[in-house]
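# An overview of the molecular structure
Take a look at the letters that make up each chain.
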Amino acid sequence: MLEEFNARRVQIGTPADKVSEMRQVEEFGDIRNQGFCVHCGGLNETNDHMPSKVFLDKPYPENLPVSPACAKCNEGFSRDEEYLACLLECVIAGEVNPDGIGRESISRKLRNQPALAARLAAARRLDGETVAWDAETDRVRSVLVKLARGHAAFELNEPQLDAPLSVRFAPLTSLTPDQRDAFEQEQVAPAIWPEVGSRAMSRLMVVGDEVFEEGWLLVQEDRYRYRVLQDDGLRVKIVIREYLAAEVQWK
Ligand SMILES: [Zn+2]
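Here's what I pulled together on the structure shown here. Sequence positions are assigned chain by chain, starting from 1 and proceeding in written order. In keeping with the predicted nature of the model, local features appear solely for residues at pLDDT of at least 70, side-chain atom pairs appear and are counted solely at 80 or more, and the whole-chain, interface and lining totals rest on all residues. Only hydrogens and water are removed before side-chain values are computed, so all heavy atoms of the structure are retained for them.

## Here's the deal with the coordination of the zinc ion
Only nitrogen, oxygen and sulfur atoms count as donors, using a 2.8 Å cut-off from the metal that widens to 3.2 Å for Na, K and Ca. Water is left out, so coordination shells may look unfilled. Within the protein, Cys37 (SG), Cys40 (SG), Cys70 (SG) and Cys73 (SG) serve as the donor atoms for the zinc ion, at 2.3 to 2.4 Å. For the zinc ion, the four donor atoms in the first shell make angles of 100 to 117 degrees at the metal, so the coordination geometry reads as tetrahedral. Look at where the donors of the zinc ion fall in the sequence and you get C-x2-C-x29-C-x2-C. Remark: Cys73 occurs in helix α1 (residues 71-93) and Cys40 occurs in the loop between β2 (19-21) and β3 (46-49); sequence separation between them is 33 residues. By relative accessible area, which is 45% here, Cys40 ends up partly exposed. Any site counts as irregular unless it has four donors with all angles between 85 and 135 degrees, making it tetrahedral, or four or six donors with opposite ones more than 155 degrees apart and the rest between 65 and 115, making it square planar or octahedral. Helix and strand definitions follow DSSP, with helices as H or I runs of at least four residues and strands as E runs of at least two, each counted in order from the N terminus. When a residue's accessible area, from a 1.4 Å probe over protein chains only, is under 20% of the maximum for its type it is buried; when over 50% it is exposed; and in between it is partly exposed.

## Here's the deal with the pairing of strand β11 (residues 224-229)
Most of β11 sits inside the fold, with six of its six residues counted as buried. Burial along β11 is two-sided: the face carrying Tyr224, Tyr226 and Val228 and the face carrying Arg225, Arg227 and Leu229 are both buried. We treat two strands as partners when DSSP finds at least two bridges between them. Inspection of the sheet shows strand β10 (residues 216-220) paired to β11 by three bridges, in the antiparallel sense. Looking at the pairing, Gln220 lines up with Tyr224 of β11. Between the end of β10 and the start of β11, which pair antiparallel, lie three residues, with Asp222 showing a positive phi angle near 60 degrees. Bridge count for β11 against strand β12 (residues 234-240) is six bridges, and the pairing is antiparallel. Opposite Val228, over in β12, you have Val236 as the bridge partner. Hairpin connection, β11 to β12: the antiparallel pair is bridged by four residues, and Gly233 has positive phi, about 70 degrees.

## Focus on the environment of Arg199
One can find Arg199 in helix α6 (residues 199-202). On the basis of relative accessible area, Arg199 is assigned to the buried category, the value being 13%. For the pair formed by Arg199 and Phe154, sequence separation is 45 residues and the distance between their alpha carbons is 7.2 Å.

## Considerations on the packing of α1 against helix α2 (residues 104-112)
Packed helix pairs are characterised by how far apart their axes lie and by the angle those axes make with each other. Between the N-to-C directions of two axes lies an angle of 0 to 180 degrees, each axis being a line fitted to C-alpha atoms and, for a helix, fitted only over the stretch in contact. Following both chains from N to C, one finds α1 and α2 inclined at 105 degrees, their axes separated by 10 Å at the closest point. It follows that α1 is roughly perpendicular to α2 by the angle criterion. Of α2, the residues touching α1 (which contributes Glu82, Ala85, Cys86, Glu89 and Cys90) are Ile106, Lys109 and Leu110. The class makeup of the residues in the contact of α1 with α2 is five nonpolar, no polar and three charged. Angle categories: roughly parallel below 35 degrees, roughly antiparallel above 145, roughly perpendicular from 65 to 115, and oblique for all the rest. We call two residues in contact whenever any of their non-hydrogen atoms come within 4.5 Å of each other. Under the grouping applied here, Gly and all other residues not named as nonpolar or charged are polar, the nonpolar ones being Ala, Val, Leu, Ile, Met, Phe, Trp, Tyr, Cys and Pro and the charged ones Asp, Glu, Lys and Arg.

## A look at the pattern of salt bridges
Any carboxyl oxygen of Asp or Glu within 4 Å of a side-chain nitrogen of Lys or Arg constitutes a salt bridge here. By the definition in use, this model includes 17 salt bridges. Among the ionic pairs, Asp48 bridges to Lys146, the shortest N-O distance being 3.4 Å. Pair noted here: Asp48 is in strand β3 and Lys146 is in helix α4 (residues 137-156), with a separation of 98 residues, a long-range link. Taking relative accessible area as the criterion, Lys146 reaches 1% and is therefore assigned buried. Residue Arg125 is joined to Asp134 by a salt bridge in which the shortest nitrogen-to-oxygen separation is 2.9 Å. A relative accessible area of 38% places Asp134 in the partly exposed class. What emerges from the salt-bridge pattern is a single network uniting Asp80, Arg119, Glu136 and Arg139.

## Some details on empty space enclosed by the protein
Grid points spaced at 1 Å over the protein atoms alone were grouped into cavities, where a 1.4 Å probe fits but cannot get out, and pockets, open sets with protein on both sides within 12 Å along at least five of seven lines, with lining residues defined by an atom within 4 Å of a point. Grid points are joined across faces, edges and corners, and a volume is the space filled by probe spheres set on the points. Following the criterion strictly, the structure yields two cavities of 30 Å³ or more and no others. The volume enclosed by the second largest cavity comes to roughly 30 Å³. Here the element with the most residues in the lining of the second largest cavity is α1; it accounts for three residues. Considering only residue class, the lining of the second largest cavity consists of four nonpolar, no polar and four charged.

## Notes on the environment of Leu217
Its location among the elements puts Leu217 in strand β10. You can call Leu217 buried: its relative accessible area is 3%. The spatial distance from the C-alpha of Leu217 to the C-alpha of Ile238 is 9.6 Å, given a sequence separation of 21 residues.

## With respect to the pairing of strand β6 (residues 130-133)
Regular strands have side chains that alternate between both faces of the sheet. Alignment of strand β5 (residues 124-127) against β6, held across four bridges, turns out to be antiparallel. Bridge pairing links Asp127 to Thr130 in β6.

## Some thoughts on the environment of Glu158
As for its position among the elements, Glu158 is in the loop between α4 and β7 (166-171). Those residues in contact with Glu158 that lie beyond four places of it in its chain are Ala152, Ala153 and Gln230.

Printed below as a string of structure tokens:
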């Protein structure tokens, strides 16, 4: 997949039939996998919203997933998350001007943080007739791994402290129809059963004799959805703002 953000005005819309709303699913997984920072294995000093609220708008959804984190990790990711949330809005708008930005909270950030706005403006360039953006891919990657770690811990009760095998991301619109189908992948039967008591186990659906994973979890419409799969290793798929598609894989 490409790692470049091709700027164009994109049609924003969630395939509503492919997602399920967040619902409260209690967790009864192995407590040995709990009680430590899901990013570094350090102390559980705070509960991190997963995703962070910078990717969502008010009113925030109820039952927002949380993952244990140490204060340092919680603090450390927030600038990069803010950067990514702002970058995505600028890419979608095709500009950095706060007046043209779709999300009010992000317009406000761009107004109040001139350094951030200037950095984003410097990343915008004209590529022929098209606007293109030079994304700071290390920061984007670090945020995606952080989010994926949180989702894996929350859904599967399987914190992944190792470095992932791969981190891929690209605009949804840049995927070919086949890639898009493979990425969206509707219901699939799990190859490996999730841990008994984990949320993923509770989300399995039984239809006749077959068992399916519940599919995409919609945290907030047009803002954030994710999915955790245990077929080819452990994969976490994330779509932010119906624009950025990401897949983080562990073995
Ligand atoms: Zn930590």
